[in-house]
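Residues per chain are reported as follows:
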Amino acid sequence: MSPEWIEIGRGLCYGGAGLAFGLAGAGSAWGISIAVHQCAGVLREKPELFGRMLVMIALPGTQGFYGFIAAILIMTQTGLIGGSSIKISLGTGLAMFFVGLGCGIAQLMSAIKQGEASAAGISLIARRPESAGRAILFPAFVETYAVVGLLATVLFIIFLTQPVVLKFLG
Amino acid sequence: MIPKINNFAKWGFVCGRISVLEATFLPKEFFLNLINQERIDDIIVILQDTYLKDYISPGAMWLSEEFGNIFDRCFNDIAFSLRSDCPSPLPVDLFLIQNDYLNLASAIKDKTDFVFPPCLFSYDMLSAIAQKDYADLPKTFKESYAWQTGEILGINPALLDIIVDGAYLRHLLLISDETKSELIKKYIRLRITSYIIIAMGRGMDKGIPMKHYQQYLSPIPGYDHLIDELAVTPNIENWRGIIGGEIGDIFFECAEYEEVDHISIFEFRVNNFLSNMAHIGAYQTAGPERVFAFLLGLLNEMQNLKLVVMGRINNIDRDFLKARIRDCYV
């Protein structure tokens, strides 16, 4: 394989890493914004509920961190961070790109939907403050799939950078 | 007809406010308890648990007229406050333009005391109309046949109310179409149908010739046929076949009552039917339907409070009051 193809492979890896944290970060910002709008309206009428609302606002922010972890892992395993000089073929680059993209989409969508679930939970707490414990469960269920997305991404990255697989992908 | 939730961030703030406000809605038992009170002072104390607490204070002397204004003021204040927080004022305007048209009716009758808080029609505009400067008359009013034929000058004040009603209904239709909400559009279409039936039924009771409704209530896009059919059917019992649909069924049920005011019962029942239909909007986390459903619930609550308090002050029969309590939001 010519050096140009190797460079393209490496570039695709970094593109995947960028998409992983970019999409996840955008989703988290979006999700938090949805929850914050609802929360601000509630606090206008009942400022004393701020403590109970804080967790609901923070929950959609976790996806941004998951995307960040995935991106860091791609960069360390492919040698951008840490200085290891593994050979990245076009096949490995493409695989990493799509792993990063998949992770980013999973985090983006789950963050937005978690923001909506948090908004619904905030609405419930506003009406029945004693239901705060139950209201946190709704967005927590959405969180499950963000965690599953991150786990799958980590496993894929580790698997794809094993010597046997690197050899198989060219 | 499930309300769409596609604009969370924009409607989130106002719907967050509503989440808190709707927690203070009153159940039917509250109104029944209020009816059972013997003294007006006790009623005022109980009212301290409602939205009215900022408007009344125990120990103050109240006349029944003052009470009547308090309920309207309370509703208007909350509605205006929500309107300022809404990304689009349309769901709130559907409730507030009624004030505008009541003020407009006064202005066209050359009166300059506008008792209702204006929403879309400013005091300046109304004052100009009262001084016969018709340049700023709303488009919905200018669409009436009476205006276009110049018949409006020197018209009987009772007929003028019909023309204003027509303009009001055209405006409702216009706003509901702009909301792009299926729930709100369906509600307004059924509300307009029932409004026409009630107006024409009451007109018939008062001996107003039905041809006036054809002349002055029209044109209302999609409803002119209904107005024409009702106008040429002098027997109110035959209206059910003309009305059709869910509203026709309610009208038929009300017509079965004997020796009572059919139109009043119809108005009461259709109001409950429409409120229950629109209540689905209350299950939306954020969106115009949520605002609309809340305001409808608030309006019903204020109407119930007004009915009970004014009824008790004027010694209206308790059983009558209990029967006329509208369905509550909670």
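Not measured: the values here are computed from a predicted model. (Residues numbered from 1 in each chain as written. Chains lettered and ligands numbered in written order. Predicted model: local features only at pLDDT ≥ 70, side-chain atom pairs only at ≥ 80, totals over all residues. Heavy atoms only, no water.)

### Thoughts on the state of the cysteines
Counting across every chain of the model gives 0 disulfides over all chains. C15(B) supplies the cysteine sulfur nearest to C39(A), a cysteine that is in no disulfide, at a spacing of 14 Å. Among the residues examined, C39(A) registers a relative accessible area of 2% and is labelled buried. Distance from the sulfur of C86(B), which forms no disulfide, to the nearest cysteine sulfur (C15(B)) is 7.4 Å. (Disulfide = S-S within 2.5 Å. Buried < 20%, exposed > 50% of the residue type's maximum accessible area, 1.4 Å probe, protein only.)

### Here's the deal with the interface of chain B and chain A
One frequently used descriptor of interface size is the decrease in accessible area upon assembly of the parts. Counting residues at the interface gives 18 residues for chain B and 16 residues for chain A. A buried area of about 1,400 Å², summed over both sides, lies between chain B and chain A, and 63% of it is on carbon and sulfur atoms. Taken together, chain B and chain A are joined by 3 salt bridges. One salt bridge connects R44(A) with D85(B), and the closest N-O pair in it is separated by 4.0 Å. Taken together, the links from chain B to chain A amount to 5 residue pairs in polar contact (both at pLDDT 80 or more). Secondary-structure elements contributing two or more residues to the side of chain B that touches chain A are helix 1 (8-21) and helix 4 (64-85) of chain B. Of all the elements, helix 1 of chain B adds the most residues to the side of chain B that touches chain A, at 10 residues. A per-class count over the side of chain B that touches chain A returns 9 nonpolar, 5 polar and 4 charged. (Contact = heavy atoms within 4.5 Å. Buried area = accessible area lost by both parts, 1.4 Å probe. Salt bridge = Lys/Arg side-chain N within 4 Å of Asp/Glu carboxyl O. Polar contact = N/O pair within 3.5 Å; in protein donor to acceptor, adjacent residues only side chain to side chain. Helix = DSSP H or I, 4+ residues; strand = E, 2+ residues; numbered from the N terminus. Nonpolar A, V, L, I, M, F, W, Y, C, P; charged D, E, K, R; others polar.)

### Focus on the confidence of the model for chain B
In the predicted model, chain B carries a mean pLDDT of 86, and the fraction of residues at 70 or more is 94%. This complex was scored by the predictor with a pTM of 0.86 and an ipTM of 0.78. (pLDDT = per-residue confidence, 0-100.)

### Side note on the environment of R52(A)
Residues and elements named next belong to chain A. Along the chain, the position of R52 falls in helix 2 (residues 50-58). Sequence separation between R52 and A126 is 74 residues, and the spatial gap between their C-alpha atoms is 9.6 Å. Apart from the residues within four sequence positions on either side, R52 is in contact with I125, P129, E130 and A132.

### Some thoughts on the packing of helix 5 (residues 90-108) of chain B against helix 6 (residues 123-130) of chain B
All names here are of chain B. Remark: helix 5 packs on helix 6, axes separated minimally by 7 Å, with the N-to-C direction vectors making an angle of 30°. With respect to each other, helix 5 and helix 6 are oriented roughly parallel. Judged by the sense of rotation from one axis to the other, the crossing of helix 5 with helix 6 is right-handed. Between helix 5, through N103, L104, A107 and I108, and helix 6, the contact on the second element is made entirely by L126, I129 and A130. For the contact of helix 5 with helix 6, the residue count by class is 6 nonpolar, 1 polar and no charged. (Axes fitted to C-alpha atoms, helices over the stretch in contact; angles between N-to-C directions. Parallel < 35°, antiparallel > 145°, perpendicular 65-115°, else oblique. Left-handed = near helix turned anticlockwise from the far one by under 90°.)

### Let's talk about the pattern of salt bridges
Scanning all chains against the criterion turns up 20 salt bridges over all chains. With a closest N to O distance of 2.6 Å, D93(B) and R83(B) form a salt bridge. Here D93(B) is found in helix 5, whereas its partner R83(B) is found in helix 4, with 10 residues between them in sequence. Using a relative accessible area of 3% as the deciding quantity, one classes D93(B) as buried. Given a relative accessible area of 22%, R83(B) falls into the partly exposed group. Across the pair D110(B) and K132(B) runs a salt bridge whose closest N-O atoms are separated by 3.0 Å. With D110(B) in the loop between helix 5 and helix 6 and K132(B) in the loop between helix 6 and helix 7 (139-142), this residue pair connects regions lying 22 residues apart in the sequence. You can call D110(B) partly exposed: its relative accessible area is 39%. A single salt-bridge network, built from bridges that share partners, covers R44(A), E45(A), R17(B) and D85(B).

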